[in-house]
Amino acid sequence: MSEQVSDHILARLREWGVERVFGYPGDGINGLLAAWERAGDQPRFIQARHEEMAAFEAVGYAKFSGRLGVCVATSGPGAIHLLNGLYDAKLDHVPVLAIVGQTARSAMGGAYQQEVDLHTLFKDVASEFLETVTVPEQLPNVLDRAIRTACARRAPTAVIVHADVQELEYTPPGHDFKMVPSSLDRSGWQALPSAEALERAAQVLNAGEKVAILAGQGAAGARDEVERVAEILGAGVAKALLGLDVLSDELPYVTGSIGLLGTRPSYELMRDCDTLLTIGSNFPYAQFLPEFGAARAVQIEIDPHLAGLRYPYEVNLIGDARATLEALIPLLERKDKRGWQSQVISNVQRWKEVMARRAAVGAEPVNPEHVARALSPLLPDDTILTSDSGSVANWYARHITLRGTMRGSLSGTLATMGCAVPYAIGAKFAHPDRPVVALAGDGAMQMNGLAELITVAKYRHEWEDPRLVVGVWNNRDLNQVTWELRAMGGSPQFLPSQELPDVPYARCAELLGLTGIRVEEPDEVEDAWREALAADGPVVVEFVTDPAVPPVPPHADWGQIEATAASVLKGDADRRGMLRQGIKAKIQEFLPGGHGRSTR
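Owing to the predicted nature of the structure, the values given are computational and were not obtained by experimental measurement.

Caption draft 1: Local environment of the sheet that holds strand 11 (residues 296–301). Ordered by their spatial adjacency, six strands build an open sheet running 9-8-7-10-11-12, and the pairing between neighbours is parallel. Two strands in the sheet have a free side with no partner beyond their single neighbour: strand 9 (254–257) and strand 12 (315–318). Averaged over all adjacent pairs, the angle separating strand axes in this sheet is 15 degrees, with direction ignored. Of the strand pairs in this sheet, strand 8 (residues 236–239) and strand 9 are connected by three bridges, and their pairing is parallel. Across the sheet, the residue bridging to lysine 239 is serine 257, located in strand 9.

Caption draft 2: Fine view of the pattern of salt bridges. Tallied over the full model, the rule gives 29 salt bridges. Across the pair lysine 239 and aspartate 249 runs a salt bridge whose closest N-O atoms are separated by 2.8 Å. Here lysine 239, found in strand 8, pairs with aspartate 249, found in the loop between strand 8 and strand 9; they are 10 residues apart in sequence, far enough to count as distant. Relative accessible area serves as the criterion here: at 12%, aspartate 249 is assigned to the buried category. As a salt-bridge pair, arginine 264 and glutamate 268 come within 3.5 Å of each other at their nearest N and O atoms. With arginine 264 and glutamate 268 both in helix 11 (residues 264–272) and four residues apart, the pair spans about one turn of that helix. On the accessibility criterion, glutamate 268 (7% relative accessible area) is buried. Within this structure, Arg12, Glu15 and Asp144 form a network of salt bridges that share partners.

Caption draft 3: Geometry of unusual backbone geometry. In this structure, proline 140 follows leucine 139 across a cis peptide bond, with omega equal to 10 degrees. Examined against the element boundaries, proline 140 turns out to sit in the loop between strand 5 (130–133) and helix 7 (141–153). The peptide bond linking glutamate 364 to proline 365 adopts the cis configuration, its omega dihedral lying at 0 degrees. Note on placement: proline 365 falls in the loop between helix 13 (339–360) and helix 14 (368–375). With a phi angle near 60 degrees, glutamine 114 is a residue other than glycine that sits in the positive phi range. Along the chain, the position of glutamine 114 falls in the loop between strand 4 (96–102) and helix 6 (118–122). Backbone geometry at arginine 476 places phi at a positive 55 degrees, although glycine is not the residue there. Within the secondary structure, arginine 476 sits in the loop between strand 16 (468–474) and helix 18 (479–489).

Caption draft 4: Spotlight on the state of the cysteines. Going through the model one piece at a time under the given rule, you end up with zero disulfides. Here cysteine 419 is not disulfide-linked; the sulfur of cysteine 71 is the nearest cysteine sulfur, at 15 Å.

Caption draft 5: A look at the side chain of threonine 416. The residue threonine 416 is located in the loop between strand 14 (407–410) and helix 16 (420–430) in this model. Not counting the four nearest positions on each side in its chain, threonine 416 is found in contact with Phe56, Asn84, Asp88, Asp388, Ser389 and Ser411.

Caption draft 6: Molecular detail of the packing of aromatic side chains. Under the defined criterion, the tally for this structure stands at 13 aromatic pairs. Between the aromatic rings of phenylalanine 429 and tyrosine 459, the centroid separation amounts to 5.3 Å while the plane-to-plane angle is 80 degrees, which identifies the pairing as edge-to-face. On the criterion of sequence distance, the pair formed by phenylalanine 429 in helix 16 and tyrosine 459 in helix 17 (residues 442–459) is long-range, its members being 30 residues apart. A residue is classified by how much of its surface remains accessible, and tyrosine 459, at 3% relative accessible area, is buried.

Caption draft 7: Just the side chain of glutamate 301, in detail. Looking at the secondary structure, you find glutamate 301 in strand 11. Here glutamate 301 is buried and forms no salt bridge, its nearest opposite-charge partner arginine 154 lying at an N-O distance of 4.1 Å. Engagement of the side chain of glutamate 301 in a polar contact is seen with the backbone nitrogen of aspartate 303, the distance being 3.0 Å. Not counting chain neighbours up to four residues away, the residues in contact with glutamate 301 comprise Arg154, Ser281, Asn282, Leu306, Ala307, Leu317, Ile318 and Gly319.

Caption draft 8: Representation of the environment of alanine 235 in the model. Turning to its location among the elements, alanine 235 is positioned in the loop between helix 10 (223–233) and strand 8. What makes alanine 235 buried here is its relative accessible area of 0%. Each C-alpha atom of the pair alanine 235 and valine 298 lies 14 Å from the other, and the pair is 63 residues apart in sequence. For alanine 235, the contacting residues outside a window of four places in its chain are Val211, Ile213, Ala230, Tyr253, Trp340 and Gln341.

Caption draft 9: Quick peek at the packing of helix 16 against helix 17. Two elements in contact, helix 16 and helix 17, have axes separated by 8 Å at closest approach and are oriented at 25 degrees. As far as their axial angle goes, helix 17 and helix 16 are roughly parallel. Between helix 16 and helix 17, the contacting residues are Val421, Ile425 and Phe429 on the first element and Met445, Gly449, Glu452, Thr455, Val456 and Tyr459 on the second. Of the residues belonging to the contact of helix 16 with helix 17, the class tally is six nonpolar, two polar and one charged.

Caption draft 10: Structural detail: the sheet that holds strand 13 (residues 384–387). Spatially, six strands are ordered 14-13-15-16-18-17 in an open sheet, and the strand pairing comes out parallel. Both edges of this open sheet fall to strand 14 and strand 17 (515–519), since each of them pairs with a single strand only. Neighbour-to-neighbour, the strand axes of the sheet open up by a mean angle of 15 degrees, direction not taken into account. Bridge count between strand 17 and strand 18 (residues 539–544): five bridges; the pairing is parallel. Residue valine 519 lies in a different strand from strand 18, and its bridge partner there is phenylalanine 543. Contacts between helix 17 and the sheet are confined to strand 15 (436–441), strand 16 and strand 18, with strand 16 contributing the most and set at about 155 degrees to the helix. Taken strand by strand, helix 21 (residues 525–534) contacts strand 15, strand 16, strand 17 and strand 18, and its axis lies near 170 degrees from that of strand 18.

Each value, and the rule that gives it
- Per chain, the residues get numbers from 1 upward, laid out in the order the sequence is written.
- In keeping with the model being predicted, local features are shown solely for residues with a pLDDT of at least 70 and side-chain atom pairs are shown and tallied solely at 80 or more, while totals for entire chains, interfaces and linings include all residues.
- Side-chain descriptors were evaluated using all non-hydrogen atoms of the structure, hydrogens and water having been removed beforehand.
- What makes two strands pair is DSSP finding at least two bridges between them.
- Note on conventions: DSSP H or I runs of at least 4 residues are helices, E runs of at least 2 residues are strands, and numbering of each starts at the N terminus.
- Every axis in this analysis is a line fitted to C-alpha atoms, fitted for helices over the stretch in contact. Angles between the N-to-C directions lie between 0 and 180 degrees.
- The rule for a salt bridge is simple: a side-chain nitrogen of Lys or Arg has to be within 4 Å of a carboxyl oxygen of Asp or Glu.
- The buried label goes to any residue with under 20% of its type's maximum accessible area, the exposed label to any with over 50%, and the partly exposed label to all in between, with areas taken from a 1.4 Å probe on protein chains only.
- In what follows, a disulfide is any cysteine sulfur pair within 2.5 Å.
- By definition, residues are in contact when any of their heavy atoms lie within 4.5 Å.
- To pair, rings of Phe, Tyr and Trp, with the six-membered ring standing in for Trp, must have centres within 6.5 Å; the planes then decide the type, stacked if under 30 degrees apart, edge-to-face if over 60, and tilted in the middle.
- Neither His nor the chain termini are counted; the positive set is Lys and Arg, and the negative set is Asp and Glu.
- Counting of polar contacts relies on pairs of N or O atoms within 3.5 Å, with two restrictions inside protein: one atom must be capable of donating a hydrogen and the other of accepting it, and residues adjacent in sequence are counted only when both atoms are side-chain atoms.
- Each angle receives one of four descriptions, namely roughly parallel if under 35 degrees, roughly antiparallel if over 145, roughly perpendicular if within 65 to 115, and oblique otherwise.
- Residues are grouped as follows: Ala, Val, Leu, Ile, Met, Phe, Trp, Tyr, Cys and Pro are nonpolar; Asp, Glu, Lys and Arg are charged; all remaining types, including Gly, are polar.

Structural data, given as structure tokens:
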């Protein structure tokens, strides 16, 4: 039997080492689906409940495996559904390939069923590489370029294949005019800055007395080197949200996350430093970096297109983080004075005490910060954590101590809702031998997490380590937006947009054959987490939490927050009792000793 185009596509994916493809079927990819059957389901087709979830699963797989993520969808609506997940990959710089079906060539331009201008649709999200296969001879070149580009640019790419082309006999490009051959091999490479640039960077760093390091996901392969630089320079280290697993939070000079979801020590580190070294991060919020002119700065960035953004860096070192740091370290001078780093360590310790007290504050019924803080010491050192967007991201960023070989991620730049559960599924296929914990708000679970529990139930028996725990903060409120309305607009909660139905998440899990645990009292929280982490299969733990606990930014203007709380209490008389009776008092409780009041 002759090889069809669809057969060749799957064979080429196998040659590239692709083991799994996340997708959803449809007649626009019937040729590929038939080829999958002929190929004995290799690479493995992982069926999501929705194409957006397939894209998220590919992103999660790529983030936690370090390999290419691949997703597939049919023409028209299937292709449209991929977009949000692919934009997540684009903004977080994750290599993902989308293979998309298209209406048969003979019907194009005829207002045919599911005919969508896919080039126009995908030209932004797959701007690094997008092509439509119209004849067999375009392969394997188009597919090879899409894969190489996705990996090299750390970006999503897309290959569109007409339904009728999928079923054509495959004929390779010949040694002829207007034919484009291709090759498979992609050798490893490392980018390094020039010796002169390294010397200039060392001069800046050696001259500083109060050095701050900002580490992002680009520093993930350079943990030992970042530690050595921090030790030599006596620096404190803050981490962007996407870089939370770059360095252990158990190191005393690590200040944790930075930004709106960040910690007070990270805010103080950037406020008071005189020198900044940014490693593998394009953290977007300049207001959380040192005042312009207050610090000299050096950046290490592998992508020259992204170098020099966010801050007026004096030296931009273009190169791989690990290789660049290895070349830079011999040029650095050890700082004998350790007063700056000692102050950073003191600030971190004080913050940890404050956060412990915040998590211990009484709430109605459960303090959401207590839920995250109780989980942290129970996590195995090889856990993979995923967090959704919303107020739960605050608790993930501030209360989870990442240590050992733990990994963690969220939708860092797109900040889309609904990624935690599909990320966790992708992580589980990347590392079936490791426990995975997804942290989600009730809004995200209602948006798509509940449906994707069906995918968890479908594949649960294939994972060597059976633990996939989904923690749900059930506060019946789209809480992050609610607090943004109050803090930024001085507006009370707008119930028609913010109030959520009370869904029995734990019972929904049980209906799917999973374990469900519902927690309504503070003293049940720790035992529930222990039970979930000891289970022999996936678990949904539902915590009924208090929406009146504010996700307070580290630079908060406490006077404004208290005034906003007062206005909420005055103008929202019909609000639930927990808000009417205690927001302002609760905020005061979260400020033991007055720590955090400074807005300098």
